Amino acid sequence: MFIKFGLMGKTVKELRKNQGLTAKELAQLLKLDSIDILKVDAMKLGDVLPALREKLYPILSGDYTDKIPWL
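Keep in mind it's a predicted model, so treat the numbers as computed, not measured.

Colleague: Would you take a moment to explain the overall build of the protein chain for this structure?
Modeller: Looking only at helices and strands, the protein chain has 5 helices and 0 strands in total. Expressed as a percentage of its 71 residues, the buried residues of the protein chain come to 28%. In the protein chain, the share of contacts with a sequence separation of at least 24, taken over all contacts with a separation of at least 6, comes to 61%. About 5000 Å² of surface is accessible on the protein chain, with carbon and sulfur atoms providing 59% of the total.

What follows is the structure, given as C-alpha cells:
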C-alpha cells in the first residue's frame, strides 16, 4: 500500500523511464496513441484521470512482467 503512494507522487515520464519504456512502447502496451501518453507525461500519476491511471499503474509499477511466462 505504501508503494502505491510513492508511485502516485512521481511523474509518468519518470516511472516510464524507470521501466525502460519509450512513449511509443507504452502506448502499444496500452493500445493507445503515443500522443495520449505524451499529454500525460509531465503529470504526476496521481493527477492522471482514474480510467487511464488504472491502465498505467500495473505497467509503470512493473506488475505486468509477472504475467510473462519466460521471466
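Here the narrative resumes.
Colleague: What am I meant to see in unusual backbone geometry here?
Modeller: With glycine set apart, most residues show a phi of negative sign, and most peptide bonds adopt trans. Phi at Lys31 is positive, roughly 60°, even though this residue is not glycine. Relative to the assigned elements, Lys31 resides in the loop between helix H3 (23–30) and helix H4 (34–40).

Colleague: Explain the nonpolar core to me, please; I cannot follow it from the model alone.
Modeller: Side chains of nonpolar character tend, in soluble globular proteins, to be buried together. Counting residues in hydrophobic clusters, the biggest one holds 17 residues, and the most contacted among them are Leu26, Leu30, Ile37, Leu45, Val48, Leu56 and Leu60. If you list the elements that add at least two residues to this core, you get helix H1 (2–8), helix H2 (12–18), H3, H4 and helix H5 (50–61). In this view, Leu60 contacts Val12, Leu15, Arg16, Gln19, Leu26 and Leu45; residues no more than four positions away in its chain are not counted.

Colleague: I tried to follow the pattern of salt bridges on my own but got confused; where do I start?
Modeller: Pairing is possible between side chains of opposite charge, provided their charged atoms come close. Using the criterion set out here, one finds 1 salt bridge in the structure. Between Asp41 and Arg16 there is a salt bridge whose closest N-O contact spans 2.7 Å. Here Arg16 lies in helix H2 and Asp41 lies in the loop between H4 and H5, a separation of 25 residues in the sequence. Arg16 matches Asp41 in its accessibility class, with the two residues each being buried.

What counts and how
- Position numbers for residues count from 1 along each chain, tracking the sequence in the order it is written.
- Per-residue local features are limited, in this predicted model, to residues with pLDDT of at least 70; the limit for side-chain atom pairs, both in listing and counting, is 80 or more; totals at the level of whole chains, interfaces and linings are taken over all residues.
- The side-chain figures draw on all heavy atoms in the structure; neither hydrogens nor water molecules are used.
- The way it works is that DSSP assigns letters per residue, a run of H or I at least four long becomes a helix, a run of E at least two long becomes a strand, and they are numbered from the N terminus.
- Note on classification: 1.4 Å probe, protein chains only; a residue is buried when its accessible area is under 20% of the maximum for its type, exposed when over 50%, partly exposed between these limits.
- Should any heavy atoms of two residues lie within 4.5 Å, those residues are considered in contact.
- Areas reported as accessible are Shrake-Rupley estimates using a 1.4 Å probe. Residue values count occlusion only from the protein chains shown.
- As used here, the term nonpolar core means buried Ala, Val, Leu, Ile, Met, Phe, Trp, Tyr and Cys residues forming a set that is joined through side-chain atoms within 4.5 Å.
- Any carboxyl oxygen of Asp or Glu that lies within 4 Å of a side-chain nitrogen of Lys or Arg is treated as forming a salt bridge with it.

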